[in-house]
Amino acid sequence: MAKTSAIQKNLKRIKLAEKFLKKRMSLKKIIKDKKLSLSDRFAAQLKLNKLPKNSAKIRVVNRCEITGRPHGVYRKLKISRIALREMASSGKIPGMTKSSW
């Protein structure tokens, strides 16, 4: 099990990313627009820099929903490889069995 502080920190990042998503998108659109003046684009860049760093989507870590493990997480299932294997061995995932040959 991961530290609860790390899990809570990641949840805070997820909330911030959702909160500032539209603002970040609009500012990035202004920055990339070559038709606007350089001063307008620079002002948008300064506003973007003033936003919290944890509000960036890239800062969110994919963590296992069950254990909180940050590595070896299947994105589609949102669980780690270890949790997946344990659940498959105990028969909690329909159609999945531990292979043996």
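The residue numbering used here restarts from 1 in each chain and proceeds along that chain's sequence as written. Local features in a predicted model are, by the rule used here, given only for residues with pLDDT of at least 70; side-chain atom pairs are given and counted only at 80 or more, and totals for whole chains, interfaces and linings are based on all residues. For the side-chain quantities, the full set of heavy atoms in the structure was used; hydrogens and water were omitted.

Draft legend 1. Seen up close, helix 3 (residues 38-50). We count a stretch as a helix when DSSP gives it H or I for four or more residues in a row; a strand needs E for two or more, and each element gets its number in order from the N terminus. Here, expected helix span is obtained from the residue count minus one, scaled by 1.5 Å. Here helix 3 spans 19 Å end to end across 13 residues, near enough to the 18 Å set by a 1.5 Å rise per residue. Among all positions of helix 3, only R41, A44 and L48 are buried. Within helix 3, the buried residues cover an arc of 60 degrees as seen down the axis, which keeps them to one side. Exposed and facing more than 90 degrees away from the buried side of helix 3 are L38, S39, F42, K47, N49 and K50. Under the scheme applied here, a residue whose accessible area is under 20% of the maximum for its type counts as buried, over 50% as exposed, and between as partly exposed, the area being computed with a 1.4 Å probe on protein chains only. Relevant arc is that of directions from the helix axis to the C-beta atoms, nothing else.

Draft legend 2. The packing of helix 2 (residues 21-32) against helix 3, seen in detail. Two numbers describe how helix 2 lies on helix 3: the axes approach to 8 Å, and their chain directions differ by 150 degrees. What the angle tells us is that helix 2 and helix 3 run roughly antiparallel. For the crossing formed where helix 2 meets helix 3, the hand is left-handed. Residues R24, L27, K28, I30 and I31 of helix 2 lie in contact with helix 3, whose contacting residues are D40, R41, A44, Q45, K47 and L48. Side-chain classes follow a simple rule in which Ala, Val, Leu, Ile, Met, Phe, Trp, Tyr, Cys and Pro form the nonpolar group, Asp, Glu, Lys and Arg form the charged group, and the remainder, Gly included, forms the polar group. For the contact of helix 2 with helix 3, the residue count by class is five nonpolar, one polar and five charged. To get an axis, a line is fitted to the C-alpha atoms, and for a helix only the part in contact is used. The angle between two axes follows their N-to-C directions and goes from 0 to 180 degrees. Reported orientations rely on four angle classes, namely roughly parallel under 35 degrees, roughly antiparallel over 145, roughly perpendicular from 65 to 115, and oblique for the rest. The hand of a helix crossing depends on one turn: near helix anticlockwise from the far one by less than a right angle means left-handed, and clockwise means right-handed. Any two residues whose heavy atoms approach within 4.5 Å are treated as being in contact.

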